[in-house]
Amino acid sequence: MNFTQLENSDRFEGFALITEIEQKVSAKGEAYLDMTLSDSDGTINAKLWRYQPEVYGEYGLNDLVKIRGTISEYKGNDQLKIERIRPTLPEDNVKKEDFVKSAEYSREEMFNLLMSKVESFNDTDLKALVLTIYSDYRDNLLLWPAAFKLHHAISGGLLMHTLSIVQLAEGVCKIYPFIDRDLLLSGAMLHDIAKLSEFEVTELGTAEGYSVAGNLLGHIAMGTLLIDEYAKKLGISKKTAMLIEHMILSHHGEPEFGAAVRPMFIEAEILSELDLMDSRIYEMKEAVEGLKSDEFSQRVWALDNRKLYNHSRTDLTKKPEIL
């Protein structure tokens, strides 16, 4: 978090966006606010003890606030004890979008690069399918996160995750020339397409939660329905549509992780492995990025409850390049 330490004090001050907030009652029967505050650098848990609305004001999700407080360690993580809080004012000259963690690439650049790769396809059915869906959903694709809580849960994260897999897939195709590049890249670009319907997303590109359809159906089921709809509309062969649908149904690899079926052809298997690889690398980087050299993270639930080690041999803040 980009908080400033006040001179000759253990207090910190700065602006932050409220990304989670809940009013609770302490063991002493006193109301308090339990919040997650974020900026473009990261997040921190914050507590406002002995909360009184008439004293501190009332706050909600995605409110941009100025806070002052002290930071201490609680169960291995930093926690902010808020002493003062107020809404931001026009004279503060701060904007909400500057406090949202976003994809490390230009969204327009990511989108245009993906579209240019599809333009190179030899398979006219796959080209038509991907180009049409991406054109129809362009605005949301530029905004959407890839998850609610876990990997790439950032503004523009869905495109970033997709582009990473596509670039990895192209590298794999160079090593194994028998792979169907058009099929693999199409599956990579469409495997998470129904996440556009799975989450409720703010204008800032942050997920507030799951939609009704997201809860009842999930992006895997909705993705296959979407492909079926577009395939019929575009007159795409049933076999081609079925191959993409299988890649969507199987990209989580195992039924215990949400896959409807296991991958049953090479391109589906590669997509599943690359999807897992990209998500895990993102989670691991997030876990160790704020650690000092030779420190271990807290256990990460999404990574089989492992602790991660920061060997500090590389610069984790280095911005990636589009290949």
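Further up the page is the structure itself.
Residues numbered from 1 in each chain as written. Predicted model: local features only at pLDDT ≥ 70, side-chain atom pairs only at ≥ 80, totals over all residues. Heavy atoms only, no water.

Participant: Sorry if this is basic, but what is going on with the nonpolar core here?
Facilitator: The nonpolar side chains of a soluble globular protein tend to be buried, and buried together. Of all hydrophobic cores here, the largest spans 56 residues; its most connected members are Tyr134, Leu190 and Ile244. Within the residue set of this core, elements represented by two or more residues are helix H2 (107-119), helix H3 (124-136), helix H5 (157-175), helix H6 (181-190), strand E7 (199-201), helix H9 (218-234), helix H10 (238-250) and helix H11 (266-288). Take this core: its biggest share by element is nine residues, from H5. If we ignore the near neighbours within four places in the chain, the residues touching Leu190 are Leu129, Val130, Ile133, Tyr134, Ile227, Ile244 and Ile248. Membership of the second largest hydrophobic core comes to 17 residues, among which are Phe3, Leu37, Ala46 and Leu80. (Core = buried A, V, L, I, M, F, W, Y, C linked by side-chain atoms within 4.5 Å. Buried < 20%, exposed > 50% of the residue type's maximum accessible area, 1.4 Å probe, protein only. Helix = DSSP H or I, 4+ residues; strand = E, 2+ residues; numbered from the N terminus. Contact = heavy atoms within 4.5 Å.)

Participant: I would appreciate a short explanation of the packing of aromatic side chains in the present structure.
Facilitator: The description of two aromatic rings rests on the distance between their centres and on the angle between their planes. Overall, the coordinates contain seven aromatic pairs when judged by the stated rule. Seen from their ring centres, Phe296 and Tyr309 are 5.0 Å apart, and the 35° between their planes marks the pair as tilted. One end of the pair, Phe296, is in the segment after H11; the other, Tyr309, is in the segment after H11, with 13 residues separating them in the sequence. With relative accessibility at 38%, the residue Tyr309 sits in the partly exposed group. Through pairs of rings, three or more aromatic residues link up here, namely Phe148, Phe199 and Tyr210. Here the basic side chain of Arg138 rests over the ring of Phe111, its NZ or CZ set 5.5 Å away from the ring centre. (Phe/Tyr/Trp six-rings, centres within 6.5 Å; stacked < 30°, edge-to-face > 60°. Lys NZ or Arg CZ within 6 Å of the ring centre and 35° of its normal.)

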